[in-house]
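Remarks on the overall topology
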Amino acid sequence: MMAALSPLHLGFDFSTQQLKVVAIDGGLNVVHQNNVQFDPELPEFRTQGGVHLHADRLTVTSPVLMWVKALDLLLDKVKRAGLDFSRVRSLSGSGQQHGSVYWRTGASETLARLDPGQNLYQLLQDSFSVLDSPVWMDSSSRQQCQDLQAAAGGAQKLAEITGSRAYERFTGNQIAKVRQTRPQDYQDTERISLVSSFAASLFLGDYAAIDYSDGSGMNLLDIRTRNWSQTCLDATAPHLDRLLGAPLPSTSILGSASSYFVRRYGFCESCRVVAFTGDNPASLAGMRLQQGDIAVSLGTSDTVFLWIQQPRPALEGHVFCNPVDWQAYMALLCFKNGSLTRERIRNECAGGSWEQFSAALRDTPLGNNGHIGFYFDTMEITPAAVGVHRFDPEDNEVSSLSPQVEVRALVEGQFVSRRLHAERLGYSIIPGTRVLATGGASSNKEILQVLSDVFNAPVYTIDLSNSACLGSAYRAVHGLVAESGVSFFDVVKNAPEPQLVATPHPAAQEVYGQMLKRYARLEQRVLQETHP
C-alpha cells in the first residue's frame, strides 16, 4: 500500500503543437502521461500546427490564451484519469524556446488572487497586453537583429557575449520589434516572460524568474556573468531589466504551487515549483547528457546537442548555460541537410533500398580511399553553403563518384561536419565520451557505425519522443536537493540506460583525425564558391 502513495513529480512541456505532462515516481518510473493537442482539441483558436502564419509569411505567433486553456484541459484530464495531485512533491516544465509573453499592467494582482471556482482561461482573459505571442518560427525581425549586432560591435562580439549572433527568432529582437511596432501595447506591459517562465508563473501565482539556460536563447543574457548584458538591454528597449526581472539558476526552487492549485486540484501546499526552462535544455536533461557526451538527432534536419566546459561561441550554432550544472554550458548546432539528403542518395545510388545503402557502407573502407563529399541540397545553416561538391584523393573537384563511394562520401561527410563544427564551439572528445543517437536514421546500424568511427566513441540509441517532458520531471526531482549540493546525475542514476549499438573501429582515430583537417580545408573552398 505504501508504494501506491509514494511521492510523484510532474514534468510539463509547452511545445509548439501540444502541451504534455509526465508523472514519475521516486524510482523515476513514468506512472502517467497525458497531452492536449492544440489544433484538434482547441479548434476555436484556428491554429495550424499550433501557430498562426501571418500574411507577410515571416510573422508567426501563437495565442497566449490557447496555452492557458490547454493547461485547464490537461489538468482536468489528468484528474479524471485518477492521478492524486496531493502526492506531487515537485513540478517543473519546459517551453518552446525564444517565444515571449507580455503581461498587462495589473496582471500580477490577478495571478495572486485567482478564484479556484473558475478556470485559468476565464480568470486571465485581460491579463496580456499582446494576445499573440511571437514564437520561434518567426523571422520578421531582421532589422532589429542588425541594430543589435551594430550596438554590440558586430556579430562575433554579440556571440561572445550572448552565446549566439543575432537570430530573428531570439527573444530580444522580438521584444524590440513589439516595442517599435506596438508602442501602446508595450507601454501597457508590466512583465515579459519566456514561454517557460510564463508557464511557471501560472503555477506560482506570481511572476517566475527566467532561468539561465532558456535565458541564453534571447540575445540578451551574458552567458559568462549569467546576468543581463547592459549593452544588449540598452539596444533593445529602455528599462528592459525591470520588465524581465533577475535571471536565476535553472535548478532554483521558485516557491510552492499557489493556493489556486491547492484548492482547485488538491495539490499539497508544500508542492515545490522548480524553475522551468527551454525545451532544448530540458531535452539535454531528459537524455542525461554528461560532460564529453554529444547527442545527434537524425531527422529532417540534424540537430547536435553538446555538453561543453569551455565555450567558444561562433557565428553558427548556439551556446547556452547548462540546465543541470550551472558552471557548465551546452551547445546546439542545426544542420539543414539531414534525412532528405540521405534519402535522395539512397534513391539515386542504392536503388531506393536502405539494405543496399547499408551494404555500400559495409563494403567501402573507413576514409573512403580519400574521396570526400559535401551534400548541401538546400542552403545549409552550418556552414552557409549550397550545392554538391565531390573531391578525389588529390583534392580535385570531380563531377561524380561510383554509387557505393557516393553513399560513404555522404555519410562520412555529414558526420565529419558535425564533429568539426562541434569542436569549433569548444566541444572535445574525452575518455568516456558517449554519442547518443536518436531520430529516424538511428535505427540503421551501418550509419551508426560510421558515426561511432568518426567520433571514435561508442554510440548508444535513445528515444527522444518524450525527452523534454521527462527532463522536466527529472529536474523537478533534482530541484528538491540541488541546494544541498547533490548533483543531477546522482538523482537520475537509476533511470533506464541507453542501448549500446556501435563501437569504433581500431583504425578510426587515425583515419578521421586526418580527414577532419582535410575536410576543414575543403569546406573553406566550398564556402568561397558559394560566396565568391
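Preceding block: the structure.
The paragraphs below set out a description of the structure included in this document. (Residues numbered from 1 in each chain as written. Predicted model: local features only at pLDDT ≥ 70, side-chain atom pairs only at ≥ 80, totals over all residues. Heavy atoms only, no water.)

1. A short note on the layout of surface pockets
Taken as a whole, the largest pocket encloses approximately 1500 Å³ of empty space. For the largest pocket, the lining is made up of 40 residues, of which Trp-136, Asn-280, Ser-301, Thr-303 and Cys-334 are closest to its centre. Per-class residue counts for the lining of the largest pocket are 13 nonpolar, 20 polar and 7 charged. (1 Å grid on protein atoms, 1.4 Å probe; cavity = no way out; pocket = protein on both sides within 12 Å on 5 of 7 lines; lining within 4 Å. Points joined across faces, edges and corners; volume = space filled by probe spheres on them. Nonpolar A, V, L, I, M, F, W, Y, C, P; charged D, E, K, R; others polar.)

2. A few points about the sheet that holds strand β5 (residues 60-63)
Here we have 3 strands laid out as an open sheet, ordered β4-β5-β9, and antiparallel in their pairing. At either margin of the open sheet sits one strand with a lone partner, and together these are β4 (52-53) and β9 (132-134). As paired elements, β5 and β9 share 3 bridges and run antiparallel to each other. Paired with Ser-62 across the two strands is Ser-133, which belongs to β9. Relative to β5, helix α2 (residues 64-80) is tilted by about 40°, and along the sheet it contacts β5 and β9. (Pairing = 2+ DSSP bridges. Helix = DSSP H or I, 4+ residues; strand = E, 2+ residues; numbered from the N terminus. Contact = heavy atoms within 4.5 Å. Axes fitted to C-alpha atoms, helices over the stretch in contact; angles between N-to-C directions.)

3. Let's talk about the packing of helix α17 (residues 403-424) against helix α18 (residues 445-455)
Close contact between α17 and α18 brings their axes to 9 Å; oriented N to C, the two are set at 45°. With respect to each other, α17 and α18 are oriented oblique. Note that α17 runs across α18; the crossing there is right-handed. Where α17 approaches α18, its residues Arg-408, Val-411, Glu-412, Phe-415, Val-416, Arg-418 and Arg-419 are matched on the opposing element by Ile-447, Val-450, Leu-451, Val-454 and Phe-455. (Parallel < 35°, antiparallel > 145°, perpendicular 65-115°, else oblique. Left-handed = near helix turned anticlockwise from the far one by under 90°.)

4. Brief notes about the side chain of Gln-149
Looking at the secondary structure, you find Gln-149 in helix α5 (residues 142-152). A polar contact of 2.8 Å, which involves the side chain of Gln-149, links it to the backbone nitrogen of Ala-166. Excluding residues that lie within four positions of it along the chain, Gln-149 makes contacts with Gly-154, Ala-155, Leu-158, Arg-165 and Ala-166. (Polar contact = N/O pair within 3.5 Å; in protein donor to acceptor, adjacent residues only side chain to side chain.)

5. Some words on the sheet that holds strand β8 (residues 128-130)
The sheet built from 3 strands is open, its strands ordered β8-β7-β10 with antiparallel pairing. Edge positions in the sheet fall to β8 and β10 (189-194), since each of these pairs with one other strand and no more. Here the average twist between neighbouring strands, direction ignored, is 40°. Bridging between strand β7 (residues 100-104) and β10 involves 5 bridges; their strand directions are antiparallel. Residue pairing in the sheet places Val-101 in a bridge with Ser-193 of β10. Packed on one face of the sheet, α2 meets β7 and β8 and runs near 140° to β8. Each of β7, β8 and β10 is contacted by helix α9 (residues 195-204), which is oriented at about 110° to β10, the strand it contacts most.

6. Some remarks on the nonpolar core
Leu-240, Leu-244, Ile-294, Leu-306, Phe-357 and Leu-451 are the most contacted members of the largest nonpolar core, which has 83 residues in total. Every residue in contact with Ile-294, bar those within four places of it in the chain, is listed here: Leu-289, Val-304, Phe-305, Leu-306, Ala-422, Tyr-427, Arg-434, Val-435, Leu-436 and Phe-455. Ranked by size, the runner-up nonpolar core spans 55 residues in total, among them Leu-19, Met-66, Leu-74 and Val-195. (Core = buried A, V, L, I, M, F, W, Y, C linked by side-chain atoms within 4.5 Å. Buried < 20%, exposed > 50% of the residue type's maximum accessible area, 1.4 Å probe, protein only.)

7. Regarding α18
α18 sits mainly inside the fold: 9 of its 11 residues count as buried. Along α18, the positions that sit buried rather than exposed are Glu-446, Ile-447, Leu-448, Val-450, Leu-451, Ser-452, Asp-453, Val-454 and Phe-455. Between a side-chain oxygen at the N-terminus of α18 and the backbone nitrogen of Glu-446 the separation is 3.0 Å; the capping residue is Asn-444. Just downstream of α18 lies Asn-456, where phi reads positive at about 50°.

8. What to know about unusual backbone geometry
A cis amide bond links Thr-382 to the next residue, Pro-383, at an omega of -5°. You will see that Asn-368, though not glycine, has its phi angle at about 55°, which is positive. Within the fold, Asn-368 resides in the loop between α16 (354-362) and β20 (372-376). The class for Asn-368 is buried, based on a relative accessible area of 2%. Its identity is not glycine, yet Asp-395 carries a phi of approximately 70°, on the positive side.

9. Comments concerning the pattern of salt bridges
Tallied over the entire structure, the rule returns 17 salt bridges. Where Asp-395 meets Arg-521, a salt bridge forms, and the shortest distance between an N and an O atom there is 3.4 Å. Residue Asp-395 is located in the loop between β21 (387-391) and β22 (397-398), and its partner Arg-521 is located in helix α21 (residues 508-530); the two are separated by 126 residues in the primary sequence. Glu-412 is the partner of Arg-408 in a salt bridge, and the nearest nitrogen-oxygen pair spans 2.8 Å. Of the two residues, Arg-408 and Glu-412 both sit in helix α17, 4 residues apart, roughly one turn of that helix. Across this residue pair, the class does not change: Arg-408 and Glu-412 are buried. Members of the salt-bridge network, linked through shared partners, are Asp-302, Arg-342 and Arg-418. (Salt bridge = Lys/Arg side-chain N within 4 Å of Asp/Glu carboxyl O.)

10. Some points on the pairing of β5
Sheet faces and side chains relate simply in a regular strand, where the side chains alternate between the two faces. Taking every second residue as pointing to the same face, both faces of β5 are buried, with Val-60 and Ser-62 on one and Thr-61 and Pro-63 on the other. Across 2 bridges, the pairing between β4 and β5 is antiparallel. Directly across from Leu-53, in β5, lies its bridge partner Val-60. Counting the residues that bridge the hairpin from β4 to β5 gives 6 residues, and of these Arg-57 lies at a positive phi of roughly 60°.

11. Quick word on the environment of Pro-504
Locating Pro-504 in the fold gives a position in the loop between β25 (499-502) and α21. With a relative accessible area of 26%, Pro-504 lands in the partly exposed category. For the pair formed by Pro-504 and Ala-457, sequence separation is 47 residues and the distance between their alpha carbons is 5.8 Å.

12. Points about empty space enclosed by the protein
Applying the stated criterion across every chain yields a total of 3 cavities of 30 Å³ or more. By volume, the largest cavity is sized at about 90 Å³. Taken together, 14 residues make up the lining of the largest cavity; nearest its centre are Tyr-375, Phe-376, Gln-414, Arg-418 and Tyr-519. Only β20 and α17 provide two or more residues apiece to the lining of the largest cavity. In terms of residues, the lining of the largest cavity owes the most to one element, α17, which gives 5 residues. Of the residues contributing to the lining of the largest cavity, the split by class is 6 nonpolar, 6 polar and 2 charged.

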